[in-house]
Amino acid sequence: MTQHSRPVTIRCSLGAAMTAVATTLILGGCTHNSRDVTASIPTDYRQRHPIAIQEADRTVEVFVGSGRGGLTAVQRAEIASLAGAWLREGTGAIIIDAPSGTPNARAAADSVREIKSLLAAAGIPPRGFTVRPYHPADPRQFATVRVNYPRITATAGPCGLWPDDLGPSIKNRAYLQNAPYYNLGCASQRNLAAMVDNPADLVQPRSETPPYTARRNTVFDKYRQGQNTATTVESENGKVSNVGK
């Protein structure tokens, strides 16, 4: 005798189905993708505040009064220093911004002529600098002669960004993850970028300079003769200074 199994029919009401869908939507809304992944927040200050190599202007402001033209001794030294720096690091022409239509425009024109003569005396070709008139947008601002040129610089920052609180809080990601706070190391990176002499040193080492041939020949001659190759320094040992007696 063969037994036939009856199919089992699962019936669900429309209200139960709607309840299940609503529950799924509610639970799905509790989970979202706006969470911060731990690996995406760098803990190394060099990654949070990298030093960037870019081109920026170096500017010297020359203050010129309305009753006196030319440059002072300090201003001449500043222009001479700028000219020497341009020969080493300049990546473009020197721009001399001279005020126009201001009370000190006539005196500034005399100062510009002296600036051009100082640049030419420093070895800068005539095509290496140009004069550009300007008028200050704010009449309260003192119109100065601005001497600037582009160069390669290193910079970092800006500093002072605090996306999270420093204190213990459930909203403080650094505190919960035992990670350094975001602004840590920014000032050190910014100071290092400002102090470096050649920004290329942050990317690659410098090539070796040629040896001092005269000193090397002297050391080799002493070595071949069996003499001491060290430098002999003659000084008066044991003598007490008479300063302050």
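Refer to the structure printed above.
Model, not experiment: these values are computed from the prediction.

**Focus on the pattern of salt bridges**
Phase 1 of the analysis: Under the definition given, this model contains eleven salt bridges.
Phase 2 of the analysis: In this structure, Arg113 and Asp110 form a salt bridge, with 2.0 Å as the shortest nitrogen-oxygen distance. One end of the pair, Arg113, and the other, Asp110, are both in helix 4 (residues 105-121), three residues apart, so they sit about a helical turn from each other.
Phase 3 of the analysis: Asp110 gets classed as partly exposed once you look at its relative accessible area, which sits at 31%.
Phase 4 of the analysis: The partner of Arg140 in a salt bridge is Asp138, and the shortest N-O contact between them spans 3.3 Å.
Phase 5 of the analysis: What emerges from the salt-bridge pattern is a single network uniting Arg58, Glu89 and Arg151.

**Quick word on unusual backbone geometry**
Phase 1 of the analysis: Residue Pro158 follows Gly157 across a cis peptide bond; omega there is 10°.
Phase 2 of the analysis: Its location among the elements puts Pro158 in the loop between strand 4 (145-155) and helix 5 (173-176).

**Quick look at the packing of aromatic side chains**
Phase 1 of the analysis: Inspection of every chain in the model, using the stated rule, returns two aromatic pairs.
Phase 2 of the analysis: Geometrically, the ring pair formed by Trp162 and Tyr181 is stacked, given 5.6 Å between the ring centres and 25° between the ring planes. Note that Trp162 is positioned in the loop between strand 4 and helix 5 and Tyr181 in the loop between helix 5 and helix 6 (186-195), a separation of 19 residues in sequence.
Phase 3 of the analysis: Relative accessible area serves as the criterion here: at 34%, Tyr181 is assigned to the partly exposed category.

Rules of the game
Residues numbered from 1 in each chain as written. Predicted model: local features only at pLDDT ≥ 70, side-chain atom pairs only at ≥ 80, totals over all residues. Heavy atoms only, no water. Salt bridge = Lys/Arg side-chain N within 4 Å of Asp/Glu carboxyl O. Helix = DSSP H or I, 4+ residues; strand = E, 2+ residues; numbered from the N terminus. Buried < 20%, exposed > 50% of the residue type's maximum accessible area, 1.4 Å probe, protein only. Phe/Tyr/Trp six-rings, centres within 6.5 Å; stacked < 30°, edge-to-face > 60°.

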